[in-house]
Amino acid sequence: MKLCDAHTHYHFPALAPRWAEIWPVARQAGVSAAVVNGTCEADWPDVAAFVRQHPWARPAYGIHPWQAPRRGAGWEQDLSDRLAADSRASVGEIGLDAWVEGHDLADQTTLLLRQWEVARDHQRPVTVHCVRAWEPLRQALRRMPPYLPGFLIHAYNGPPEWIPWFVEKGAYFSFPPYFLLERKRPQRDAFRLMPPERILIETDAPELSPPPEHNPHHLTDIQDGRPLNHPANLLVALHSLAGTLDREAGDVATLTTQNWERLFAPSGEDNGSR
Ligand SMILES: [Zn+2]
């Protein structure tokens, strides 16, 4: 079974130095491709280094809303240069977050839209993070025509009734193992309302572990002992999504792989520019 992870941070210091130990387990679980998302200019070189070493992974460069206040003056040129240098690169993780302390939604929105413009200039897909800011996200995207390269709303936890609106705009949605938490049942059920051709699976590894009773891979941070989400938990997401959709896991693996390839690896792209 071939599984494609729509959203990861494999380059984070908690995972990357231990990759030789982690990868055989993830490979065994079926992981065969992934998008590795940067979160700020400072970690973009780590993303680039990771995908250079592991060509089955694709880079995404973006400034996460948590990092918005710390962006430097040259980020826009840096982002544009990185997209120009690698035709496999997308834009992410970008978005809006009204949960994080000290957030400034107006500034986050400005940054979101400027990053989206760079993505549009290069015709690349976008990965969006949204926490407690669904109405502001809709406002930000309202004037935009449907975005043809497509965009991923990772770990979608917005209002179920807005799914058709986001689909119309070009949205895909990814299902994380974190949604196995019992209180996340409404978020799981929302995936039944989505067009099957817009659904992907993700881990967000090393962030957002599944609950312990659904976590077969106990991985902890060497530095501080906190639990980490193992990349092999993509298989946990697959089985939970298959159960939610009442479909065979093999069918859902094929479906989500096709969707991943359509969004992140459209045919006819130039793979040789890196
Ligand atoms: Zn993330």
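In the block above lies the structure referred to throughout.
Residues numbered from 1 in each chain as written. Predicted model: local features only at pLDDT ≥ 70, side-chain atom pairs only at ≥ 80, totals over all residues.

Caption draft 1: Structural detail: the pairing of strand 6 (residues 151–154). Where burial is concerned, the two faces of strand 6 agree: the one with Phe 151 and Ile 153 and the one with Leu 152 and His 154 are both buried. Sheet analysis places strand 5 (residues 126–131) next to strand 6, joined by 3 bridges and oriented parallel. Bridging across to strand 6, Val 128 finds its partner in Ile 153. With helix 5 (residues 134–142) bridging strand 5 and the parallel strand 6, this β-α-β connection has right-handed handedness. Pairing analysis gives 4 bridges linking strand 6 to strand 7 (residues 171–175), with the strands arranged parallel. Along strand 7, the bridge assignment pairs Phe 151 with Ala 171. What joins strand 6 to strand 7 is helix 6 (residues 163–169), and the crossover it makes is right-handed. (Buried ≥ 20, exposed ≤ 12 C-beta atoms within 10 Å, placed from the backbone. Helix = DSSP H or I, 4+ residues; strand = E, 2+ residues; numbered from the N terminus. Pairing = 2+ DSSP bridges. Right-handed = clockwise from strand over helix to strand, strands pointing away.)

Caption draft 2: Summary view of the pairing of strand 7. Of all the 5 residues making up strand 7, 5 are buried; the element is thus mostly covered by neighbouring parts of the structure. In strand 7, alternate side chains face the same way, and those of Ala 171, Phe 173 and Phe 175 on one face and Tyr 172 and Ser 174 on the other are all buried. Tracing the backbone out of strand 7, into helix 7 (residues 185–190) and back to the parallel element strand 8 (residues 199–201) gives a crossover that is right-handed.

Caption draft 3: View of unusual backbone geometry. Residues Gly 92 and Glu 93 are joined by a peptide bond in cis, for which omega reads 10 degrees. Cis rather than trans, the peptide bond between Ala 205 and Pro 206 has omega equal to 10 degrees. Inspection of the secondary structure puts Pro 206 in the loop between strand 8 and strand 9 (219–220). Its identity is not glycine, yet Leu 208 carries a phi of approximately 50 degrees, on the positive side. Along the chain, Leu 208 turns up in the loop between strand 8 and strand 9.

Caption draft 4: Quick peek at helix 4 (residues 105–122). The end-to-end C-alpha separation of helix 4 is 26 Å, in line with the 26 Å expected for 18 residues at 1.5 Å each. Looking at helix 4, one finds that the buried residues are Gln 108, Leu 111, Leu 112, Gln 115, Trp 116, Val 118 and Ala 119. End-on, the buried residues of helix 4 take up no more than an arc of 155 degrees, which puts them together on one face. Facing away from the buried side of helix 4 by over 90 degrees, the exposed positions are Ala 106, Glu 117 and Asp 121. Where helix 4 is buried, its residues touch helix 3 (75–85), strand 4 (90–97), strand 5 and helix 5. Where helix 4 ends, the next residue or the one after it, Gln 123, has phi of about 55 degrees, a positive value. (Expected span 1.5 Å × (residues − 1). Arc of directions from axis to C-beta. Contact = placed C-beta atoms within 7 Å.)

Any link to function would need more than the numbers given here.
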